[in-house]
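If you want the building blocks of each chain, they are given just below.
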Amino acid sequence: MSRTTFNITFCCRESKKNKTGLSPVELGINLNGDRKFINLPRKERPQDFNRKHKSQDLEDYLSLMRSRVNSIMTDMLSNGEPLTTEAIREYLRSGGYKSYTIGDLFTDYLKILSKRVDVDLTMGVYRKYELVRNMFYKYVSPEAECTSITPALIKEIQVDLYAKYDTATAAGYLTKLKCYIKFGIDNNRIKINPFQGIKIVKGRKSIVYLKEDELKTIYDTKIDNNSLSDIRDAFILQASTGLSYIDIYNLKKEDIQIMDDGTHYISKNRCKTGTTFTSVIMPMGVEVLKKHNYQLRIITNQKYNSFLKTLQALCGITTTLTTHVARRTYATMLLNKGVRLETVSKCMGHRNSKITQAAYAEVLNKTIIDEVKVKM
């Protein structure tokens, strides 16, 4: 167990003198190397403050403030409050604990997530966390303290979500809400886990994907606008490799390997999970790579999905085009061509084949039925 180091100092700086020659007395708090200074209400002449023998009145004042800080620390420790220099400073300034609100919890967690956007998190996923926050505020004010988050409240939200949305969507919202709660627990802001005993039933959405002839239509459509043409090519490459947006965004020319027989493949780790994948690139994707000298220009995820709506209308495709649809199209084509489930799992970069089996059960069933029908 690490040892806590703490000390209190006082100073009165020449650099902070006002027109009358007075400077504020500053209280310095140093906790485990983290230092904060607080301007106290009292002002003194720096030359008087820095004397070896201070006035008795000043000595009594400094002694009183030292005792005050020690008392605050004792109070915070006995109540299980996180002990930081910032917390001590706030307590001293306000005369009590600065309450940590639900709004603080959501804001702090979203700050962390925002730093991951376009690194290992898409803007679309980040927006869903914001959506969960806004949904939660309909039940409890952001000004309420985190103690307002009770098991009864979570249960109420769970019931409402499963009544309003399909099972998979409701489970997605609850899982993201649980991430906020875990952050609060890990940072000692929430004392009791309100998700204790609450089971999230995940369900499964139908897989939305393009058929090969639909993908060929997109590939063959003549597009005069260069920007939209680049988006089309990026989408074709995604559907030919199974790469997620963030992986296609970070794809470099040197990541593409070419075998003696001309087969192109990519073998690296997924940005999202770190899982290794080996994606064999389908012919349309190879042609796209050659066209762009193996380095496509990829724009932000938000703009990308916006352009895909225009592309969908131009090509007359009824299926809504998204980066997820492209990834699922690749997996579905592999399964429909009879590629083994375990191999598809490796191509997709899933942590195990059970994930692939659960996600593509509907496609697998159709593949199995078609294969058996041929042999009957």
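The structure reproduced in this document is the subject of the present report.

Reading the values: rules and limits
Residues numbered from 1 in each chain as written. Predicted model: local features only at pLDDT ≥ 70, side-chain atom pairs only at ≥ 80, totals over all residues. Heavy atoms only, no water. Pairing = 2+ DSSP bridges. Helix = DSSP H or I, 4+ residues; strand = E, 2+ residues; numbered from the N terminus. Axes fitted to C-alpha atoms, helices over the stretch in contact; angles between N-to-C directions. Polar contact = N/O pair within 3.5 Å; in protein donor to acceptor, adjacent residues only side chain to side chain. Contact = heavy atoms within 4.5 Å. Salt bridge = Lys/Arg side-chain N within 4 Å of Asp/Glu carboxyl O. Buried < 20%, exposed > 50% of the residue type's maximum accessible area, 1.4 Å probe, protein only. Phe/Tyr/Trp six-rings, centres within 6.5 Å; stacked < 30°, edge-to-face > 60°. Parallel < 35°, antiparallel > 145°, perpendicular 65-115°, else oblique. Left-handed = near helix turned anticlockwise from the far one by under 90°. Nonpolar A, V, L, I, M, F, W, Y, C, P; charged D, E, K, R; others polar.

Attention now moves to the sheet that holds strand 4 (residues 256–258). Taken in spatial order, the 3 strands line up as 4-5-6 in an open sheet, and their pairing is antiparallel. What marks the edges here is a single partner per strand, and that holds for strand 4 and strand 6 (276–280). Strand-to-strand twist across the sheet, computed as the mean angle between neighbouring axes with direction ignored, equals 25°. Sheet topology note: the strand 5 (residues 264–269)/strand 6 ladder contains 5 bridges and is antiparallel. By the bridge assignment, Asn269 is partnered in strand 6 with Thr276.

Okay, the side chain of Arg232 next. Here Arg232 shows up in helix 9 (residues 226–241). Here Thr221 takes part through its backbone oxygen, which lies 2.7 Å from a polar atom of the side chain of Arg232. With residues near it in sequence (within four places) discarded, Arg232 still touches Ile218, Tyr219, Thr221, Ile223, Lys291 and Leu311.

Let us look at the pattern of salt bridges. On inspection of all chains with the given rule, the structure shows 19 salt bridges. When the shortest N-O distance is used, the salt bridge between Arg42 and Glu44 registers 2.7 Å. Of the residues examined, Arg42 reaches a relative accessible area of 17% and is grouped as buried. Judged by its relative accessible area of 14%, Glu44 falls in the buried class. Among the ionic pairs, Arg89 bridges to Glu86, the shortest N-O distance being 2.7 Å. Separated by 3 residues within a single helix, Arg89 and Glu86 lie in helix 3 (residues 85–94), roughly one turn from each other. Looking at Glu86, the relative accessible area reads 32%, which means it is partly exposed. Taken together, the salt bridges that share partners define one network made up of Arg13, Lys16 and Glu26.

Moving on, we get to the pairing of strand 6. Of the two faces of strand 6, only one is covered, namely that formed by Phe277 and Ser279; the face formed by Thr276, Thr278 and Val280 stays uncovered. Where strand 5 folds back on strand 6, the antiparallel hairpin that results is connected by 6 residues, among which Gly274 adopts a positive phi of roughly 80°.

This part covers the environment of Leu92. Counting through the fold element by element, Leu92 comes out in helix 3. Residue classification places Leu92 among the buried positions, given a relative accessible area of 15%. With 52 residues separating them in the primary sequence, Leu92 and Leu40 have C-alpha atoms 9.8 Å apart. Each residue touching Leu92, except ones within four places of it in the same chain, is listed here: Leu27, Ile38, Met65, Arg68, Val69 and Ile72.

Scanning the model with the defined rule gives 10 aromatic pairs in all. Pairing Phe106 with Tyr180 gives two aromatic rings, centres 4.2 Å apart and planes at 55°, and the pair type is tilted. Taken as a pair, Phe106 in helix 4 (residues 102–114) and Tyr180 in helix 7 (residues 167–186) lie far apart in primary sequence, 74 residues in all. Here Phe106 matches Tyr180 in class, with each residue buried. A ring pair is formed by Tyr109 and Tyr180, whose centres lie 5.1 Å apart and whose planes are at 65°; its orientation type is edge-to-face. Of the two residues, Tyr109 is situated in helix 4 and Tyr180 in helix 7; the sequence distance between them amounts to 71 residues. Linked through ring pairs, Phe106, Tyr109, Tyr129, Phe136, Tyr137, Tyr180 and Phe183 together constitute an aromatic cluster.

So, on to the packing of helix 8 (residues 212–220) against helix 9. Two elements in contact, helix 8 and helix 9, have axes whose closest approach is 10 Å; the angle formed by their N-to-C orientations is 150°. As summarised for this structure, helix 8 and helix 9 are arranged roughly antiparallel, according to the angle between their axes. The two elements helix 8 and helix 9 meet at a crossing, and its hand is left-handed. Contacts from Leu215, Ile218 and Tyr219 of helix 8 reach helix 9 at Arg232, Phe235, Ile236 and Ala239. Residues of the contact of helix 8 with helix 9, tallied by class, amount to 6 nonpolar, no polar and 1 charged.

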